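Breakdown of the fold
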Amino acid sequence: MTEEPDISLLRPYLMTSGRAQPVDQSLEIEAQVMTSRLGAASHPKLTFERQEIVSLCRSTMSVAEVAAMLGLHIGVARVLVADLAELGYVVVRRPANHNSHDLGMIERVIRGLEAIH
């Protein structure tokens, strides 16, 4: 049985409380995300999607990888990760300008984006 189109479109809207932009609009898709101690301790109290992100990010991964692993639209992942960061549940490490030539990082982001399809 497949999900009805109206329901599948409603789910991301509900996850982000209707927001299309993250609280930190400059959050890059290649930014590295890692669960904080507070996030690990608060895991049982979080909503399902936020629990999944906190669990995944026990190993550092990019926002794009989070989206791909959870099958989320990149915009939804950015909103959720930014919310978790603002609350202190995850730590976000921003890419430095010198990383723009890091082929390994670029390849990981591309693989993450390809996995979204």
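A quick note: this is a predicted structure, and the numbers were derived from the prediction, not measured.

1. Description of the overall build of the protein
The helix and strand tally for the protein stands at 6 helices and 3 strands. Counting from the amino terminus, helix and strand elements in the protein follow one another as α-β-α-α-β-α-α-β-α. By the burial criterion, 37% of the 117 residues in the protein qualify as buried. Intrachain contacts of the protein at a sequence separation of at least 6 include 73% that bridge at least 24 residues.

2. Section: the confidence of the model for the protein
Within the protein, residue pLDDT values average 80, and 74% of them lie at 70 or more. For the protein, helix H1 (residues 5-15) is the element with the lowest average pLDDT, namely 52, and strand S1 (residues 32-35) is the one with the highest, namely 96.

3. Side note on the packing of helix H4 (residues 63-70) against helix H5 (residues 74-87)
Between H4 and H5, the least distance of the axes is 9 Å, while the angle of their chain directions is 115°. Of the two elements, H4 crosses H5, and the hand of that crossing is right-handed. Of the residues in H5, those in contact with Val63, Ala64, Val66 and Ala67 of H4 are Ile74, Ala77, Arg78 and Val81. Taken together, the residues of the contact of H4 with H5 sort by class into 7 nonpolar, no polar and 1 charged.

4. Quick notes on the side chain of His43
Among the structural elements, His43 can be located in the loop between helix H2 (37-42) and helix H3 (48-56). Judged by its relative accessible area of 19%, His43 falls in the buried class. Here Ser55 takes part through its side chain, which lies 2.9 Å from a polar atom of the side chain of His43. Here His43 is in contact with Gln51, Val54, Ser55 and Arg58, once residues within four sequence places are set aside.

Calculation rules
Residues numbered from 1 in each chain as written. Predicted model: local features only at pLDDT ≥ 70, side-chain atom pairs only at ≥ 80, totals over all residues. Heavy atoms only, no water. Helix = DSSP H or I, 4+ residues; strand = E, 2+ residues; numbered from the N terminus. Buried < 20%, exposed > 50% of the residue type's maximum accessible area, 1.4 Å probe, protein only. Contact = heavy atoms within 4.5 Å. pLDDT = per-residue confidence, 0-100. Axes fitted to C-alpha atoms, helices over the stretch in contact; angles between N-to-C directions. Left-handed = near helix turned anticlockwise from the far one by under 90°. Nonpolar A, V, L, I, M, F, W, Y, C, P; charged D, E, K, R; others polar. Polar contact = N/O pair within 3.5 Å; in protein donor to acceptor, adjacent residues only side chain to side chain.

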